Amino acid sequence: MKYISTRGNAPAKTFTEILLGGLAPDGGLYLPEQYPQVTRAELDAWRNLSYADLAFAVLSKFATDIPAVDLKAIVSKTYTAAVYSNGRVDSNAKDITPLRKLSEGVYLQELSNGPTLAFKDMAMQLLGNLFEYALAKDHAELNILGATSGDTGSAAEYAMRGKRGIRVFMLSPNGKMSSFQRAQMYSLQDPNIFNIAVNGMFDDAQDMVKAVSNDHAYKAAHKIGTVNSINWGRVSAQIVYYFKGYFAATKSNDEQVAFSVPSGNFGNICAGHIARMMGLPIGQLILATNENDVLDEFFRTGVYRPRGTDHTYETSSPSMDISKASNFERFVFDLVGRDGAKVREFWGKVDAGGAFDIKDSAYWNELSKFHFSSGKSSHQDRLKTIREVWEEYGVMIDTHTADGLKVGLEQRRPSLPLICLETALPAKFAETIQEALGRQPERPAALEGIEDLPQRCEVMDADVATLKAFISANVPR
Ligand SMILES: *Cc1c(COP(=O)(O)O)cnc(C)c1O
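This is a predicted model, so every value here is computed, not measured.

Caption draft 1: Broad picture of the pattern of salt bridges. Under the criterion given, the structure shown has 26 salt bridges. Residues Lys72 and Asp53 are paired through a salt bridge, measuring 3.6 Å at the closest nitrogen-oxygen approach. In this pair, Lys72 sits in helix α4 (residues 68-78) while Asp53 sits in helix α3 (residues 51-60), placing the two residues 19 residues apart along the sequence. The residue Arg382 makes a salt bridge to Asp403 at a minimum N-O spacing of 2.8 Å. With Arg382 in helix α16 (residues 379-393) and Asp403 in helix α17 (residues 399-411), the pair connects residues that are 21 residues apart, well separated along the chain. Within this structure, Asp293, Glu297, Arg307 and Lys376 form a network of salt bridges that share partners.

This is how it looks when you write it as structure tokens:
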């Protein structure tokens, strides 16, 4: 299996070759040359596998340059109940991503059983183990540079802390995360973890990361890699739970399901798109945004118009406060029939601060073949959904999951079972839970009092030179 760039001007690479990198040299994102196909016989054979065995089966199709015994060991070590049992109340953590039935044909898929209480642990824990394996093989080192609006950063840090040969430099928007999220990240004292609080929004931090990554000489000299949501290893790991959720919600492989996905950078739902392209019977992929609705706008109108950072709203589902969706290019590459020149044309406009519009082109018709629906959710919707789910089912959901559920219920085709991806636990967003329910969210016992731990972080202006100087000072050469 080789990987090619969405912009069509970069040499094909293997899984391991792209694992430690970020963007392709032509500025595009990597995707498999062709999506591996899953036969009906394979689907039948996979139906009753454990999560770890299913992950091995799926990932074997993508990580073809890792020997099977090694991949199996890495996957088994990652997807164990020991990693995915954060002590949440009343969970069946041995299933790793169990389904929780709300009503007839409506399910939540628990993806927040990892150490940082958000679905990003599902992929990031795998990445930590893959990185350690790949680096040890080459006696190499890696300095991970990333930007986070909360969940990515903590998931990366908990996956990489203490790992040999790895340092993490994680940028976050100063003062824009919940106190719990800040405590989760800034309380880590591991010497290989560097938290940097940027005076600005998430997009400012992400632009700094992009600027450093585009300085190819600096990047090479300082062995810089990324774990942000464009990392192919992360996307591929997320494909697995679509299979798991499908099998759990159906009795036979003749059935179809709908997935509803709270979306920001289009990473999670991109994995669902790929699962469908592989042959998983997904009848509908429902994309939910919050007030930052650039993706909903595209699926409704055909116009993709990223907002300026000054037009990004701060919302109560902050991990979806995104004005450009960094993984969206992967989907558009498939939409335009894998025409790299077309993607270059579109992103030429986007990168210049503009928009592209497919409404009056043949691509608008093509779009319907990918089975997407979309919708958006507001703060009031979020409060209402959290309240209703608590009152009707006694289940407490977080703000992002509430966005997904609200839009999922609105957009679903009633004939399909609806699987709403739970992307975080309510404990991470206590202020909004308090507002919705008049009570504090339940919190896994291990995380009681985390806000009282001493915190450590570097505050920095949104300036690329300052960032480079900080990295240089902390990387022995
Ligand atoms: C990251 C995140 C999202 C958005 O996922 P994308 O892959 O960026 O679309 C949604 N909810 C939560 C809780 C997250 O952490």
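From this point, things continue past the structure.
Caption draft 2: Quick peek at the nonpolar core. With 115 residues, the main nonpolar core has Tyr79, Tyr242, Phe243, Phe266 and Phe328 as its most contacted residues. Judged by nonpolar contacts, the second largest core, of 21 residues, contains Val407, Leu418, Cys420 and Ala436.

Caption draft 3: How the structure looks around the site of the ligand. Around the ligand, a shell composed of 15 residues is seen, among which Lys120, Asp151, Gly264, Asn265 and Asn268 lie nearest. Interatomic distance of 2.5 Å between a side-chain N/O atom of Lys120 and an oxygen atom of the ligand. Between the ligand and Gly267 there is a distance of 3.1 Å, counted from an oxygen atom to a backbone nitrogen or oxygen. Coverage of the ligand by the protein chains reaches 97% of its 380 Å² of free accessible surface. Of the residues contributing to the shell around the ligand, the split by class is five nonpolar, eight polar and two charged.

Caption draft 4: Summary view of the packing of helix α6 (residues 151-160) against helix α7 (residues 179-186). Between α6 and α7, whose axes approach to 9 Å, the crossing angle comes to 25°. If you check the angle between α6 and α7, you find them roughly parallel. Our pair here, α6 against α7, has a crossing hand that is left-handed. Every residue of α7 that contacts α6 at Asp151, Gly153, Ser154, Glu157 and Tyr158 is listed here: Gln181, Gln184 and Met185. Across the contact of α6 with α7, the residue classes tally to two nonpolar, four polar and two charged.

Thresholds, definitions, all that
Residues numbered from 1 in each chain as written. Predicted model: local features only at pLDDT ≥ 70, side-chain atom pairs only at ≥ 80, totals over all residues. Heavy atoms only, no water. Salt bridge = Lys/Arg side-chain N within 4 Å of Asp/Glu carboxyl O. Helix = DSSP H or I, 4+ residues; strand = E, 2+ residues; numbered from the N terminus. Core = buried A, V, L, I, M, F, W, Y, C linked by side-chain atoms within 4.5 Å. Buried < 20%, exposed > 50% of the residue type's maximum accessible area, 1.4 Å probe, protein only. Near = heavy atom within 4 Å. Polar contact = N/O pair within 3.5 Å; in protein donor to acceptor, adjacent residues only side chain to side chain. Areas by Shrake-Rupley, 256 points an atom, 1.4 Å probe, with all protein chains shown as cover. Nonpolar A, V, L, I, M, F, W, Y, C, P; charged D, E, K, R; others polar. Axes fitted to C-alpha atoms, helices over the stretch in contact; angles between N-to-C directions. Parallel < 35°, antiparallel > 145°, perpendicular 65-115°, else oblique. Left-handed = near helix turned anticlockwise from the far one by under 90°. Contact = heavy atoms within 4.5 Å.

Just geometry here; none of it tells us what the structure is for.
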